Amino acid sequence: MKRTILIMLCGWFTVMVAGAQCATLNEAIQAGEELVYDLKFNWKFIWVAAGQAKMDMQAITYQGKPCFRSNLISVSNKQVDFFFKMRDTLTCITSSSLEPIYFRKGAEEGDRYTVDEVWFSYKDGQNVADQRRMRRGRDTVRVTDRKDECIFDMLSILMRARSFDASGYKVGDKILFDMATGTKVEQQTLIYRGRKNFKAENGVKYRCLVFSLVEYKKGKEREVITFYVTDDKNHLPVRLDLYLNFGSAKAFLREIKGNRHPLTSIIEK
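Reference entry: report on the structure contained in this document.

What counts, and at which threshold
- Residues numbered from 1 in each chain as written.
- Predicted model: local features only at pLDDT ≥ 70, side-chain atom pairs only at ≥ 80, totals over all residues.
- Heavy atoms only, no water.
- Helix = DSSP H or I, 4+ residues; strand = E, 2+ residues; numbered from the N terminus.
- Buried < 20%, exposed > 50% of the residue type's maximum accessible area, 1.4 Å probe, protein only.
- Lys, Arg positive; Asp, Glu negative; His and termini not counted.
- Salt bridge = Lys/Arg side-chain N within 4 Å of Asp/Glu carboxyl O.
- Polar contact = N/O pair within 3.5 Å; in protein donor to acceptor, adjacent residues only side chain to side chain.
- Disulfide = S-S within 2.5 Å.

**Examining the side chain of R135**
Mapped onto the elements of the fold, R135 is located in strand β7 (residues 126-135). In this structure R135 is buried but unpaired, with D116 as the nearest side chain of opposite charge at 6.5 Å. Among the polar contacts listed, one links the side chain of R135 to the side chain of T114, at a separation of 3.3 Å.

**Some remarks on the state of the cysteines**
A full pass over the atoms with the stated rule returns one disulfide. Between the sulfur atoms of C22 and its disulfide partner C150 the distance amounts to 2.0 Å. The sign of the S-S torsion, about -115°, decides the handedness of the disulfide formed by C22 and C150: left-handed. Taken together, the positions of C22 in the loop between α1 (2-10) and β1 (34-43) and C150 in the loop between β8 (141-147) and β9 (151-152) put the pair 128 residues apart, joining distant regions of the chain. Of the two residues, C22 and C150, both sit in the buried class.

**A short note on the pattern of salt bridges**
The full count for this structure, using the stated rule, is 16 salt bridges. A salt bridge links E117 to R132; its shortest N-O distance comes to 2.2 Å. Placement of the pair is E117 in strand β6 (residues 112-123) and R132 in strand β7, with a sequence separation of 15 residues. Each member of the pair, E117 as well as R132, carries the same accessibility label: buried. Ionic pairing is found between K199 and E268, a salt bridge with its closest N-O pair at 3.8 Å. With K199 in strand β11 (residues 185-199) and E268 in strand β16 (residues 266-268), this pair connects stretches of sequence that are 69 residues apart. Assessed through its relative accessible area of 34%, E268 is described here as partly exposed. Salt bridges sharing common partners tie together D38, R254 and E255.

Distances and angles like these do not, on their own, reveal function.
Below, the structure is given as C-alpha cells:
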C-alpha cells in the first residue's frame, strides 16, 4: 500500500527540470478540483474492494503569497484492515506557479506510523530539501539534500506533470525526475508506453496516455505501476495498475468534480 500511495502521487509523463527555477505555467489545475478513487486488491486470484482515495485542490495564502494546497487521503476498508490497515494523509503546498514549498505525509500502514515532512527552498542556484522522518519507537531522522535539478515530493510532481505537453513523446521514451522521500532524494524513471482506450466500471470510455513507473535492481528493470491518464488538457489519472510485493492492485477514478477543462478524452458514455 505504501507503494500504492507513492505511485498514485509521484506523477506521470514528467521531465527532468534543470536549474533552480522550478516555476512553470499551470495549464491544468484549478482550485476546487476533487477526485475520488476506488481501490481494489487481488487476493488469491479474487479482486476485492479495498478502500478509497480522495484528492482535492485548494487555493490558500501561505507566507503572504497565493498558493495551492493539495490533500490526498487514502483509507482501507474493514475487510482489508484485517490483513493490512492503511490510513494515509498527504498534504503539499506549492506556489501558484507550482514550485514545491512544503510536504507532509502521515501514514499508518499496518502496525507502523510514520510522519515525513519536507521543506523546500531555493538558494545560490540550487534546490534544497530539508527532510525529517518521525517513526513511532525510533529516533527522528533529519537530512538536507541540494540539487542543481528541481526536487519534488509525491504530490507536487503530480501537479507539475499535469501541465506538460506529451504530444512529442515517442513510445519507449524515458523520463527522469528527483523526488524527496523523507530520508533522501531518489531519481525516478517513467517510460511512455503509447495511447490506449480504457472503459471505466461506470461505462465511460476514455482515450488515454499510458506510462510505466519502473525501478532498477542489480541492472534489471522491474515495472512498478502502469498509469492510464486522460488524453486531454486535464491529464487526469483514470486507472492505475500496481505490481506490489504481495500481489497486485488497481485504482479506478470514480468521481470528478471541478476539472478545469472539458473532458474531451471521453469516447463514449
